[in-house]
Amino acid sequence: SIGTLYYLNEGYEDALKEVARVMRKEALLLETEPDLDGCAVKALVFDGLESFINVAKNHRFFEYFEGKPLSLRCFSEDEMYKLHETSKIPVYDKQVISLFPSLLTIGRKKNMINDIDKLDALKDMIRDAFTTLDESSSIAKHKLWVCKKA
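As a convention, each chain's residues are numbered from 1 in the sequence order in which they are written. Local features are withheld for residues below a pLDDT of 70 in this predicted model, meaning they are given only at 70 or higher, and side-chain atom pairs are given and counted only at 80 or more; totals for whole chains, interfaces and linings count all residues. Side-chain figures throughout are based on the complete set of non-hydrogen atoms in the structure, without hydrogens or water.

This next bit is on the overall build of the protein. A helix here means a DSSP run of H or I that spans at least four residues, while a strand means a run of E at least two residues long, and both kinds are numbered starting from the N terminus. A count of helices and strands for the protein gives six helices and five strands. Of the regular secondary structure in the protein, the N- to C-terminal order runs α-β-α-α-β-β-α-β-α-α-β. With the C-alpha coordinates aligned to their principal axes, the bounding extent of the protein is approximately 50 × 30 × 25 Å. By element, 55% of the accessible surface of the protein is carried by carbon and sulfur atoms, the whole surface being about 9,500 Å². Charge centroids of the protein, computed over 22 positive and 25 negative side chains, lie 5 Å from each other. Where accessible areas are quoted, they stem from the Shrake-Rupley method and a 1.4 Å probe; at the residue level, only the protein chains shown are allowed to cover. For the charge count, each Lys or Arg is scored as positive and each Asp or Glu as negative, with His and the chain ends excluded. Note on charges: their place is set at NZ of Lys, CZ of Arg, CG of Asp or CD of Glu.

Here we take up the packing of helix 2 (residues 36-47) against helix 3 (residues 49-58). For helices, the fitted axis covers only the stretch in contact; all axes are lines through C-alpha atoms, and the angles between them, taken along N-to-C directions, range from 0 to 180 degrees. The interhelical angle for the contact between helix 2 and helix 3, taken along N-to-C directions, is 165°, at an axis separation of 7 Å. Judged by the inter-axis angle, helix 2 sits roughly antiparallel to helix 3. The handedness of the crossing between helix 2 and helix 3 is right-handed. Mapping the contact onto sequence places L36, C39, A40, A43, L44 and D47 in helix 2 and L49, S51, F52 and V55 in helix 3. Note that Gly is not counted as nonpolar here; it falls among the polar residues with everything else outside the nonpolar set of Ala, Val, Leu, Ile, Met, Phe, Trp, Tyr, Cys and Pro and the charged set of Asp, Glu, Lys and Arg. In terms of residue class, the contact of helix 2 with helix 3 is built from eight nonpolar, one polar and one charged. Each angle is binned into one of four classes, with values under 35 degrees roughly parallel, values over 145 roughly antiparallel, values of 65 to 115 roughly perpendicular, and all other values oblique. The sense of a crossing depends on the near helix, which, turned anticlockwise from the far helix by less than a right angle, makes the crossing left-handed and, turned clockwise, makes it right-handed. In what follows, a contact means two residues having at least one pair of non-hydrogen atoms within 4.5 Å.

On to the packing of aromatic side chains. Ring pairs are drawn from Phe, Tyr and Trp, using the six-membered ring of Trp, whenever the two centres fall within 6.5 Å, and their geometry is named by plane angle: stacked under 30 degrees, edge-to-face over 60, tilted for the rest. The final tally for this structure, using the stated rule, is four aromatic pairs. Taken together, a centroid distance of 4.4 Å and an interplanar angle of 25° make the contact between Y6 and Y7 stacked. Per-residue accessibility, obtained with a 1.4 Å probe over protein chains only, is compared with the maximum for each type, and a residue is labelled buried under 20%, exposed over 50%, and partly exposed between these values. Among the residues examined, Y6 registers a relative accessible area of 4% and is labelled buried. Look at Y7 and you get partly exposed, because its relative accessible area is 39%.

Let us look at helix 3. If you check which residues of helix 3 are buried, you get S51, N54 and V55. All buried residues of helix 3 project into a common sector of 95° when viewed along the axis, lining one side. Exposed residues pointing more than 90 degrees away from the buried face of helix 3 are listed as L49, E50 and K57. In this fold, the buried residues of helix 3 make contact with helix 2 and strand 2 (60-65). Note that the arc is computed from the directions linking the helix axis to the C-beta atoms.

It is worth spelling out the nonpolar core at this point. By size, the foremost hydrophobic cluster in this structure holds 14 residues, and its most contacted members are Y12, L16, L29, M80, L83, I89 and C147. Of all elements in the fold, only helix 1 (12-22), helix 4 (77-86) and strand 5 (140-148) reach the threshold of two or more residues within this core. A per-element tally of this core places helix 1 first, with four residues. Residue types Ala, Val, Leu, Ile, Met, Phe, Trp, Tyr and Cys, when buried and joined through side-chain atoms within 4.5 Å, form a set referred to as a nonpolar core.

On the surface, L44, V45, L49, I53 and M112 cluster together to form a nonpolar patch covering roughly 460 Å² of accessible area. Residue assignment for the nonpolar patch shows that the elements contributing at least two residues are helix 2 and helix 3. Inspection of the secondary structure assignment puts I53 in helix 3. Looking at I53, the relative accessible area reads 47%, which means it is partly exposed. Patches were defined on residues exceeding 30% relative accessible area and lacking a salt bridge, with like-charge contacts within 9 Å and nonpolar side-chain contacts (Val, Leu, Ile, Met, Phe, Trp, Tyr) within 5 Å. We define a salt bridge as a side-chain nitrogen of Lys or Arg found within 4 Å of a carboxyl oxygen belonging to Asp or Glu.

The next point concerns the packing of helix 1 against helix 4. For the pair helix 1 and helix 4, the least separation of the axes is 9 Å and the interaxial angle reads 45°. As the angle between them shows, helix 1 and helix 4 are arranged oblique. Taken as a pair, helix 1 and helix 4 cross one another with a handedness that is right-handed. Along the contact surface, helix 1 presents Y12, E13 and L16, while helix 4 presents M80, L83 and H84. Class assignment for the residues of the contact of helix 1 with helix 4 results in four nonpolar, one polar and one charged.

Below, the structure written as structure tokens:
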């Protein structure tokens, strides 16, 4: 489930239980979900304080589909562990998918990143900077949850 279950919003828990129902014993679920902290950072940088507060307080963020905003849920790490435990597919491992490339992409689309014309010339330095940040940061765009049916 690569970035799909969270689109179900209030149906998330039921969908996760259905996934658990159809999984064989010892099967693995690889699931990516938006990271609460990463959603808050993106909201603050690109959408302002009101959107940031909405993410922090209500655990909801916006994505845009065909120009229309979608209000979607995001979960804290504790919530994700509890949801998977309750659904009988506990978390076995967790990996971080960095937020930084996404910030660059969104910033470019919104014309907020300076020196856009120099990006090709700087691509190796940008890649090195992302590698450094990926190795030291826990701020994620998404987290990859590896879950194993009990």
